[in-house]
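Listed below are the residues making up each chain.
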Amino acid sequence: MAKGYWIAHVDVADPDAYKAYLEANAKPFAKYGARFLVRAGQAKQKEGALRSRHVVIAFKDYATALACYESPEYRSAFALRQPPVAQGDLVIIEGYDGKQPA
């Protein structure tokens, strides 16, 4: 079974207010078994236009990744990072397990 991933690119305008989002998202991420693969860190943009902060989160499968995003716990956290606090782009995607076509 292929894992599910969140891939996010975020610009944070209010770092102090963004901390409240980070604290609030810990509960749903723990509940749904999220594992951070990338959380900010050094990056070098080579193509296209990207935001300043990058995050990749792994879940046991695609359905779990979707369920976390749609959960009441995450929706409450999500409300804390809305503009003007931060703006972002997020895709929830099924990983490649070698079984489905590339």
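Heads up: these notes are all about the structure in this document. (Residues numbered from 1 in each chain as written. Predicted model: local features only at pLDDT ≥ 70, side-chain atom pairs only at ≥ 80, totals over all residues. Heavy atoms only, no water.)

Notes on the overall build of the protein
Convention followed: Under the scheme used here, helices are H or I runs from DSSP no shorter than 4 residues and strands are E runs no shorter than 2 residues, and both carry numbers assigned from the N terminus. Each radius of gyration is computed over the set of C-alpha atoms, and the globule rule expresses the reference value as 2.2 Å times the number of residues to the power 0.38. Burial status follows relative accessibility: with a 1.4 Å probe on protein chains alone, a residue under 20% of its type maximum counts as buried, one over 50% as exposed, and anything between as partly exposed. Accessible areas in this description were obtained via Shrake-Rupley with a 1.4 Å probe; residue shielding takes into account the shown protein chains only. Under this rule, positive means Lys or Arg and negative means Asp or Glu; His and the chain ends count for nothing. To locate a charge, take NZ of a lysine, CZ of an arginine, CG of an aspartate or CD of a glutamate.
Scanning the protein from N- to C-terminus turns up 3 helices and 4 strands. Listing every helix and strand of the protein by position from the N terminus yields β-α-β-β-α-α-β. A globule of 102 residues ought to have a C-alpha radius of gyration of about 13 Å, and the protein, at 14 Å, matches this closely. In terms of its C-alpha atoms, the protein occupies a principal-axis envelope of roughly 45 × 35 × 20 Å. Taken across its 102 residues, the protein has 31% of its residues classed as buried. Working note: accessible area of the protein is about 6,500 Å², and carbon and sulfur atoms make up 55% of it. One way to put it: in the protein the 14 positive side-chain charges average out to a point 4 Å from where the 11 negative ones average out.

A few points about unusual backbone geometry
Cis geometry is found at the peptide bond from Pro83 to Pro84, where omega equals 15 degrees. Even without being a glycine, Ala40 presents a positive backbone phi close to 70 degrees. Take Ala40: it is sitting in the loop between strand E2 (35–39) and strand E3 (53–59). Accessibility expressed as a relative area gives 25% for Ala40, which makes it partly exposed.

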